[in-house]
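Chain residues, written in single-letter form:
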Amino acid sequence: MKKNYFCMLGAMLICAATVFTACGNVDDPVPSGDVPVIENLPEKVIGKWIVEEKEGKPALTNQKLVIDFKSATKVTVSLSYMSFWHSNDLFDYTINGNVISCAGQLNEHTSVNTTVKVNAIDDNKMFEDFSNIISIDGAEAIKMASKETLIRVTEDYSQTVLGLWEGRATSEIGSEFDDGQLHRWEFKTDGTFGFYRKVNDEWQLSDDTFSDYFVEGPLLCSRWKNNVEGAVENREWWEIESIENGVMKWKALRQKEDGTLYTATFEMTKVE
């Protein structure tokens, strides 16, 4: 379950633009007349949501994040984008009419202003217009906008994922680093995991400088770095499809270099 990770400033900023990072209060315009004001929006957004679509197309698993509106002013964001690694970090946000807003500093040089206009919301889906402006040293550097669909999260796999699991890919393409062999993963309560390969009929733990993971709703994000000279940090994103009767299934919508989409799947059983 491993994937290369590259730190490029432009990509980092674009990824950062999609979340409520380093948020503070800002004054926001009310929605334009084409969208009626949604009554009781602060109450309706409460709970967990995961990005499902971007511009009407299924979002790649690597683009997904989980947002948990704790109250009318506090939200947590769980994501693994480029240099950002967040699991249940708590931020402030404001609501004015149909508009949800955050503004603040990503670092000493970079500020962000994020606006989300909620066009419609029900018990299970939220449709929004997302816009963002990123400035570097006070000068506007990136401006972007997109339409997104979020679905409500009801699953909680944070406890059932714990323990030792054994399995392999069940799709033709499983993972960039997958060798098609049987492996083991041990998910621990401290947010770290162990990855095991079978060598001469014995399970051998991978020697890693670090190996972290988090599970928020169905989203499972991991990062690790092998303990060898010249190693780089790697990351991988999965969605837990189910954990039932000692069997765990993962899936991930991914994209090849030529733009072709494919779904990768894994299946593993609990090792008692």
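Residues numbered from 1 in each chain as written. Predicted model: local features only at pLDDT ≥ 70, side-chain atom pairs only at ≥ 80, totals over all residues. Heavy atoms only, no water.

A. View of the overall build of the protein. A count of helices and strands for the protein gives 2 helices and 19 strands. Taken over 272 residues, the protein has a buried fraction of 47%. For the protein, the share of sequence-separated contacts (at least 6 apart) that also reach a separation of at least 24 residues comes to 52%. Element-wise, carbon and sulfur atoms account for 48% of the exposed surface of the protein, whose accessible area totals about 13600 Å². (Helix = DSSP H or I, 4+ residues; strand = E, 2+ residues; numbered from the N terminus. Buried < 20%, exposed > 50% of the residue type's maximum accessible area, 1.4 Å probe, protein only. Contact = heavy atoms within 4.5 Å. Areas by Shrake-Rupley, 256 points an atom, 1.4 Å probe, with all protein chains shown as cover.)

B. Layout of the sheet that holds strand β14 (residues 202-205). With antiparallel pairing, 9 strands are arranged side by side in an open sheet as β14-β13-β12-β11-β19-β18-β17-β16-β15. Looking at the sheet topology across the chains shown, the edges are occupied by β14 and β15 (208-216). When the angles between neighbouring strand axes are averaged without regard to direction, this sheet yields 30°. (Pairing = 2+ DSSP bridges. Axes fitted to C-alpha atoms, helices over the stretch in contact; angles between N-to-C directions.)

C. Looking closely at the pairing of strand β17 (residues 234-244). Most of β17 sits out of view: 9 of its 11 residues are buried. In the sheet, strand β16 (residues 219-226) pairs with β17 via 6 bridges, with the strands oriented antiparallel. Of the residues in β17, the one forming a bridge with cysteine 221 is tryptophan 237. Looking at chain direction, β17 and strand β18 (residues 247-255) are connected through 5 bridges and run antiparallel. Following the sheet pairing, glutamate 239 is matched in β18 by lysine 251.

D. Focus on the packing of aromatic side chains. Applying the stated criterion to the full structure yields 12 aromatic pairs. Between the aromatic rings of tryptophan 185 and phenylalanine 266, the centroid separation amounts to 5.7 Å while the plane-to-plane angle is 85°, which identifies the pairing as edge-to-face. Of the two residues, tryptophan 185 sits in strand β12 (residues 183-187) while phenylalanine 266 sits in strand β19 (residues 261-270), which places them 81 residues apart along the sequence. On the basis of relative accessible area, tryptophan 185 is assigned to the buried category, the value being 0%. With 5.8 Å between their ring centres and 45° between their planes, tryptophan 250 and phenylalanine 266 make a pair best called tilted. Of this pair, tryptophan 250 sits in strand β18 while phenylalanine 266 sits in strand β19, placing them 16 residues apart in sequence. (Phe/Tyr/Trp six-rings, centres within 6.5 Å; stacked < 30°, edge-to-face > 60°.)

E. Region of interest: the side chain of threonine 61. For threonine 61, the position within the fold is in the loop between β2 (57-58) and β3 (66-69). A distance of 2.9 Å separates polar atoms of two side chains, one belonging to threonine 61 and the other to glutamate 239. In terms of polar contacts, threonine 61 uses its side chain to reach the backbone amide nitrogen of leucine 253, at 2.9 Å. Beyond its immediate stretch of four places on either side in the chain, threonine 61 contacts Leu219, Trp237, Trp238, Glu239, Lys251, Ala252 and Leu253. (Polar contact = N/O pair within 3.5 Å; in protein donor to acceptor, adjacent residues only side chain to side chain.)

F. Looking closely at the pairing of strand β1 (residues 47-54). As paired strands, β1 and β3 are joined by 4 bridges and run antiparallel to one another. Looking at β3, one finds that isoleucine 50 is bridged to valine 66. By the bridge criterion, 5 bridges tie β1 to strand β10 (residues 139-152) in an arrangement that is antiparallel. Pairing of glutamate 53 across the sheet is with threonine 149, part of β10. Bridging between β1 and β2 involves 2 bridges; their strand directions are antiparallel.

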